[in-house]
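Residue-level structure breakdown
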Amino acid sequence: MRPLSVYSKYAYYLAKFGTPKRIGNIMHNRMEYRKKRIELKSRPYKITIDPGNFCNLRCPGCHTGIRHPEMIRPSFLKFTDYKVILGQVKDHALSVALYNWGEPFLNKEIFDIIHHTSENRLGTTIHSNFNRFTESMAVNAVKSGLTHIYLSIDGATQAAYEKYRVRGNIENVLDNVKTMLETRRRMNSKYPLITWKFLVFDHNKHEVDKAAQMARDIGVDAFEVFTAHPKLMDIYDEAENYRKDPVLLQNLQGHCKSLWASLYVNPDGSVLPCSLSYRDNERFGNLIHEDLDTIWNNTSFTNARKMFTSDIPPSEIPLPCRHCKYSLNNQCTLTPRPASFVKQAG
């Protein structure tokens, strides 16, 4: 298996999809981040657009899996809406992450979405549990120009795998991986690249080496291991962990990069500031009904960035940023989590 580290992946995207305008925007954005600019002339270049916040599994570490009562109403991204959204970000990004809080391959228009992205000379990445996949979908994955699939397979046996991937079937997943790889070979394509992603828990850590060998035997392109949380890691939980641990807090370097470089878009067009955002009251705008230039420097974004540059009352910092771990380093009081979440998590 050849390595596909984060750095090599982005180097690949830079070489394949970089244009003078896109590269110039990235450099400008990084400069504005370093200088902690509040109103930005650059635009976000790390784009995540969720094709649907529905899932066929019930993973306990995901608010979609546990059906959190405060999550934005589940929906599938419509292809017509996607074209509106992509039209606003395509000149500034190298690739689009087509996943977030759901299973992307449940969206019946996913390959139209991928193909449209490829036509606009952008890379595409999907994370999938791969429980629902067919040979015809494998053909469409190649034809659409899909760049990269991360497979969420956290075990080498059904007993370990299903403890987190609740309702999943590992044999079915492995058969689907083989189908994808065989289809790729038959169509004489090296894309989509396939990475086996293994989330490590106490219940499956003894199977990492066996899974790595299975990945080599099957012939995926890479095997990557990540430390995981067995239950939903909310932004409140993360901040509380930092508050309780002086070493963690001391090692928290810099300021939040997402507020300068990233954009998270829900299937309904809602713009969210963070990968941990999912609540109704955490929206910063809507890219279907508003333009990016307006949203990117609106009060929500500018007040969130002010958290790192000036004295601002916590009440003026938008949710969820006022609850973030970074707020602890900026003299902001960590406000209590909503009572409904306490009830859900308790």
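The rules behind these values
- Residues numbered from 1 in each chain as written.
- Predicted model: local features only at pLDDT ≥ 70, side-chain atom pairs only at ≥ 80, totals over all residues.
- Heavy atoms only, no water.
- Helix = DSSP H or I, 4+ residues; strand = E, 2+ residues; numbered from the N terminus.
- Rg over C-alpha atoms; globule rule 2.2 N^0.38 Å.
- Buried < 20%, exposed > 50% of the residue type's maximum accessible area, 1.4 Å probe, protein only.
- Contact = heavy atoms within 4.5 Å.
- Disulfide = S-S within 2.5 Å.
- Salt bridge = Lys/Arg side-chain N within 4 Å of Asp/Glu carboxyl O.
- Patch = residues over 30% accessible without salt bridge, like charges linked within 9 Å, V, L, I, M, F, W, Y side chains within 5 Å.
- Areas by Shrake-Rupley, 256 points an atom, 1.4 Å probe, with all protein chains shown as cover.
- Pairing = 2+ DSSP bridges.
- Axes fitted to C-alpha atoms, helices over the stretch in contact; angles between N-to-C directions.
- Core = buried A, V, L, I, M, F, W, Y, C linked by side-chain atoms within 4.5 Å.
- Parallel < 35°, antiparallel > 145°, perpendicular 65-115°, else oblique.
- Left-handed = near helix turned anticlockwise from the far one by under 90°.
- Nonpolar A, V, L, I, M, F, W, Y, C, P; charged D, E, K, R; others polar.

Of the regular secondary structure elements, the chain holds 15 helices and nine strands. For 346 residues, the compact-globule estimate of 2.2 N^0.38 gives 20 Å, and the chain sits close to it at 20 Å. Its C-alpha atoms give the chain principal-axis dimensions of about 60 × 45 × 35 Å. Expressed as a percentage of the 346 residues in the chain, the buried residues total 56%. Restricting to contacts in the chain with at least 6 residues of sequence separation, those with at least 24 account for 72%.

A few words now on the state of the cysteines. Tallying each qualifying case throughout the model produces zero disulfides. Cys55 supplies the cysteine sulfur nearest to Cys59, a cysteine that is in no disulfide, at a spacing of 5.9 Å. With no disulfide partner, Cys274 has as its closest neighbouring cysteine sulfur the one in Cys324, 6.3 Å distant.

In this structure, Glu238 sits in helix 10 (residues 235-244). Classification of Glu238 by relative accessible area gives buried; the value is 19%.

Turning next to the pattern of salt bridges. Side chains that carry opposite charge are capable of pairing whenever their charged atoms lie near each other. Considering all chains together, one arrives at 14 salt bridges under this definition. Measuring nitrogen to oxygen at the nearest pair gives 3.5 Å for the salt bridge that ties Lys325 to Glu238. Within this pair, whereas Lys325 is found in the loop between helix 14 (299-306) and helix 15 (339-345), its partner Glu238 is found in helix 10, the two being separated by 87 residues in sequence. Since its relative accessible area comes to 14%, Lys325 is described here as buried. Close ionic contact of Asp268 with Arg283 constitutes a salt bridge, the shortest N to O distance being 2.9 Å. Pair noted here: Asp268 is in the loop between strand 7 (262-265) and strand 8 (270-272) and Arg283 is in the loop between strand 8 and strand 9 (285-286), with a separation of 15 residues, a long-range link. For Arg283, a relative accessible area of 34% puts it in the partly exposed group. By sharing partners, the salt bridges in this structure join Glu70, Arg279 and Glu282 into a single network.

Looking now at a nonpolar patch on the surface. Taken together, Leu14, Ile23 and Met27 make up a surface patch of nonpolar side chains, about 270 Å² in accessible area. Structurally, the position occupied by Met27 is in helix 2 (residues 20-34). Judged by relative accessible area, Met27 falls into the exposed class, the value being 57%.

Relative to the helices and strands, Glu224 is located in strand 6 (residues 222-227). The class for Glu224 is buried, based on a relative accessible area of 14%. Separated by 201 residues in the primary sequence, Glu224 and Ile23 place their C-alpha atoms 28 Å from one another.

With mixed pairing, nine strands are arranged side by side in an open sheet as 6-5-4-3-2-1-7-8-9. The open sheet is flanked by strand 6 and strand 9, the only strands paired with a single partner. Helix 4 (residues 79-89) contacts strand 1 (46-49), strand 2 (95-97) and strand 7 of the sheet and is inclined by roughly 175 degrees relative to strand 1. In this fold helix 9 (residues 208-218) packs onto strand 5 (193-200) and strand 6, with an angle of close to 170 degrees to the strand it touches most, strand 5.

By size, the foremost hydrophobic cluster in this structure holds 83 residues, and its most contacted members are Ile49, Phe105, Phe130, Val177, Met180, Trp196 and Leu263. With near-sequence residues (within four places) excluded, Ile49 lies in contact with Leu77, Tyr82, Ile85, Val96, Ala97, Leu98, Tyr99 and Val265. In terms of nonpolar packing, the next biggest core, distinct from the first, is built from six residues, Tyr13, Phe17, Ile26 and Tyr45 among them.

With that settled, consider helix 5 (residues 110-119). Within the span of helix 5, buried status applies to Ile110, Phe111, Ile113, Ile114, His116 and Thr117. Where helix 5 is buried, its residues meet helix 4, strand 2, strand 3 (123-128) and helix 6 (135-144).

This brings us to the environment of Leu232. For Leu232, the position within the fold is in the loop between strand 6 and helix 10. Judged by its relative accessible area of 12%, Leu232 falls in the buried class. Between the C-alpha atoms of Leu232 and Ser42, which are 190 residues apart in sequence, the distance is 33 Å.

A word on the packing of helix 6 against helix 8 (residues 170-186). Between helix 6 and helix 8, the shortest axis-to-axis distance is 9 Å and the interhelical angle comes to 50 degrees. Judged on the interaxial angle alone, helix 8 and helix 6 are oblique. Crossing geometry of helix 6 relative to helix 8 is assigned as right-handed. Across the interface between the two elements, Glu135, Ala138, Val139, Ala141 and Val142 of helix 6 pack against Thr179, Met180, Thr183, Arg184 and Arg186 of helix 8. Residues belonging to the contact of helix 6 with helix 8 are distributed by class as follows: five nonpolar, two polar and three charged.

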